[in-house]
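The chain contents come next:
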Amino acid sequence: MNECDAFLDALASDRLEAAHRTHARTCPVCAPLLPEASGAVSPAALSLDEVHRRALQALRTTPARPWARDAAMLALLQGAIALGVTVTLGTGNWNSPGAHRTALALVGAALLGTVTLGSILALAPGRRRPRALLWLVPVVPLLLVLSGNGVHTATTMGAALPCALTVVLTAVVPLAVGLALLRGMALDAARTVALALCAAATGLFALHWHCRDGSGAHLLAYHALPWVALALLAIPIRRALPTRSHVP
């Protein structure tokens, strides 16, 4: 919890201490919420309605973040990384004799949409659209299995592990950029997971065209599981980062 969060919690529970007041006097967001800012309201008499009114006033006077520009840049970055890694790894799965090309093409389009449009929705103001992206957790693994050829070729962990490493390493840059952008928004675990799912889908997209092992066990354990693990790991990382703005 950063100093702004601590101040707001103390203000809402009428437990303002000297440290909270010292922070608020130097913070452009918290300063308007200080009881003495109005010159008439004591901490004990400050109601939640008054806190809400002052918070809205502070938000109105705080410059809005350019979320659309940031989201578009992130979508372009993730799309470029996904396509670049795909070209680097090759399209062995697409060219294999047992490939279900129609299913591969449809699921590939869905993954590319997740990488690009999904990141835009994850950064959009409000809470409804980021939470809708959490449906990707059950849907994407199902799509991966349905588009697989059912052939198990990576019979050892050593042969299968590069797929998991690809998912992790490909997501490093998109996830780092996404978490940096989330610092300009209020802390929201659902939004963090949604953005991380879209960032980590860059590796899923590349493996979708490259990996010849289309068995359900391999796709779930070495493609989908690292993807979900990265999304969950993003929550404590985001909590550890300082928040620049509490705009939702």
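All values reported here derive from a predicted model rather than from experimental measurement. (Residues numbered from 1 in each chain as written. Predicted model: local features only at pLDDT ≥ 70, side-chain atom pairs only at ≥ 80, totals over all residues. Heavy atoms only, no water.)

Student: Which parts of the structure should I look at to understand the overall build of the protein?
Tutor: A tally of helices and strands in the protein yields eleven helices and zero strands. Listing the helices and strands of the protein from first to last along the sequence gives α-α-α-α-α-α-α-α-α-α-α. Counting the 248 residues in the protein, one finds 43% classified as buried. A separation threshold of at least 6 residues defines the contact pool for the protein, and within that pool the share at least 24 residues apart is 79%. Of the accessible surface of the protein, which amounts to about 12300 Å², a share of 69% is contributed by carbon and sulfur atoms. (Helix = DSSP H or I, 4+ residues; strand = E, 2+ residues; numbered from the N terminus. Buried < 20%, exposed > 50% of the residue type's maximum accessible area, 1.4 Å probe, protein only. Contact = heavy atoms within 4.5 Å. Areas by Shrake-Rupley, 256 points an atom, 1.4 Å probe, with all protein chains shown as cover.)

Student: Explanation requested: the packing of aromatic side chains in the structure shown.
Tutor: Any two aromatic rings considered together are summarised by their centre-to-centre distance and by the angle between their planes. What the rule picks out here adds up to two aromatic pairs. When the ring of Trp 94 is compared with that of Trp 209, the centres are 5.6 Å apart and the planes differ by 65°; the resulting orientation is edge-to-face. Separated by 115 residues along the polypeptide, Trp 94 in helix 5 (residues 92–95) and Trp 209 in helix 10 (residues 189–210) bring together distant segments of the chain. Using a relative accessible area of 14% as the deciding quantity, one classes Trp 209 as buried. Here the aromatic rings of Phe 205 and Trp 209 are separated by 5.9 Å at their centres, their planes lie at 75°, and the arrangement is edge-to-face. Note that Phe 205 and Trp 209 are positioned in helix 10 at a spacing of four residues, about one turn of the helix. As far as the burial class goes, Phe 205 and Trp 209 line up, both buried. Clustering of aromatic rings is evident, with ring pairs tying together Trp 94, Phe 205 and Trp 209. (Phe/Tyr/Trp six-rings, centres within 6.5 Å; stacked < 30°, edge-to-face > 60°.)

Student: I keep staring at helix 6 (residues 101–123) and nothing clicks. Help me out?
Tutor: Within an α-helix, residues lying three or four positions from one another point in the same direction, as the helix has 3.6 residues per turn. If you check helix 6, its first and last C-alpha atoms are 32 Å apart, about what 23 residues at 1.5 Å a residue would give, namely 33 Å. Along its length, helix 6 reaches its greatest deviation from straightness, about 40°, at Leu 117. Within the span of helix 6, buried status applies to Leu 104, Val 107, Gly 108, Leu 111, Thr 114, Val 115, Gly 118, Ser 119, Ala 122 and Leu 123. Taken together, the buried residues of helix 6 touch helix 4 (67–89), helix 5, helix 7 (128–132), helix 8 (136–147), helix 9 (157–182) and helix 10. (Expected span 1.5 Å × (residues − 1). Bend = angle between axes of the 7 residues up to and from the residue.)

Student: In this structure, what is going on with the environment of Ile 235? I would like to understand it.
Tutor: Checked against the element boundaries, Ile 235 lands in helix 11 (residues 216–240). The spatial distance from the C-alpha of Ile 235 to the C-alpha of Leu 187 is 9.5 Å, given a sequence separation of 48 residues.

Student: Looking at this structure, how should I read the packing of helix 4 against helix 10?
Tutor: When two helices pack together, their arrangement is captured by the angle between the axes and the distance separating the axes. Axis separation between helix 4 and helix 10 bottoms out at 8 Å; the angle between their running directions is 25°. Relative to helix 10, the element helix 4 lies roughly parallel. Classified by chirality, the crossing of helix 10 by helix 4 is right-handed. For the pair formed by helix 4 and helix 10, the contact residues are Leu 74, Gln 78, Ala 82, Leu 83, Val 85, Thr 86 and Leu 89 on the first element and Leu 195, Cys 198, Ala 199, Thr 202, Phe 205, Ala 206, Leu 207, Trp 209 and His 210 on the second. For the contact of helix 4 with helix 10, the residue count by class is twelve nonpolar, four polar and no charged. (Axes fitted to C-alpha atoms, helices over the stretch in contact; angles between N-to-C directions. Parallel < 35°, antiparallel > 145°, perpendicular 65-115°, else oblique. Left-handed = near helix turned anticlockwise from the far one by under 90°. Nonpolar A, V, L, I, M, F, W, Y, C, P; charged D, E, K, R; others polar.)

Student: I'm lost on the pattern of salt bridges in this one. Help?
Tutor: When the charged atoms of two side chains lie near each other, side chains of opposite charge can form a pair. This structure, assessed with the given rule, holds three salt bridges. Arg 69 is paired through a salt bridge with Asp 70; the nearest N and O atoms lie 3.9 Å apart. Between Asp 188 and Arg 131 there is a salt bridge whose closest N-O contact spans 3.2 Å. Of this pair, Asp 188 sits in the loop between helix 9 and helix 10 while Arg 131 is found in helix 7, placing the two residues 57 residues apart along the sequence. For Arg 131, a relative accessible area of 36% puts it in the partly exposed group. If you follow the salt bridges from partner to partner, you end up with Arg 127, Arg 131 and Asp 188 in one network. (Salt bridge = Lys/Arg side-chain N within 4 Å of Asp/Glu carboxyl O.)

Student: Where do I start with helix 11 in this structure?
Tutor: Taking 1.5 Å of rise per residue, the 25 residues of helix 11 would be expected to cover 36 Å, and the 36 Å separating its terminal C-alpha atoms lies within 8% of that figure. Taking the largest bend as the criterion, helix 11 deviates by roughly 35°, centred on Ala 224, and proline Pro 226 comes between one and four positions later. Among all positions of helix 11, only His 218, Leu 219, Tyr 222, His 223, Ala 224, Pro 226, Trp 227, Leu 230, Ala 231, Ala 234 and Arg 238 are buried. Check the buried side of helix 11 and you find it contacts helix 8, helix 9 and helix 10.

Student: Help me out: how do you make sense of the nonpolar core in this one?
Tutor: One broad trend across soluble globular proteins is that nonpolar side chains are buried collectively. Grouped together as the largest cluster of nonpolar side chains are 44 residues, with contacts concentrated most on Leu 111, Leu 123, Leu 136, Val 140, Leu 144, Leu 204 and Trp 227. Elements represented by at least two residues in this core include exactly helix 4, helix 6, helix 8, helix 9, helix 10 and helix 11. It is helix 10 that contributes the most residues to this core, 13 residues altogether. Excluding residues that lie within four positions of it along the chain, Leu 111 makes contacts with Val 140, Leu 144, Leu 204, Phe 205 and His 208. Judged by nonpolar contacts, the second largest core, of ten residues, contains Ala 10, Cys 27, Cys 30 and Leu 33. (Core = buried A, V, L, I, M, F, W, Y, C linked by side-chain atoms within 4.5 Å.)

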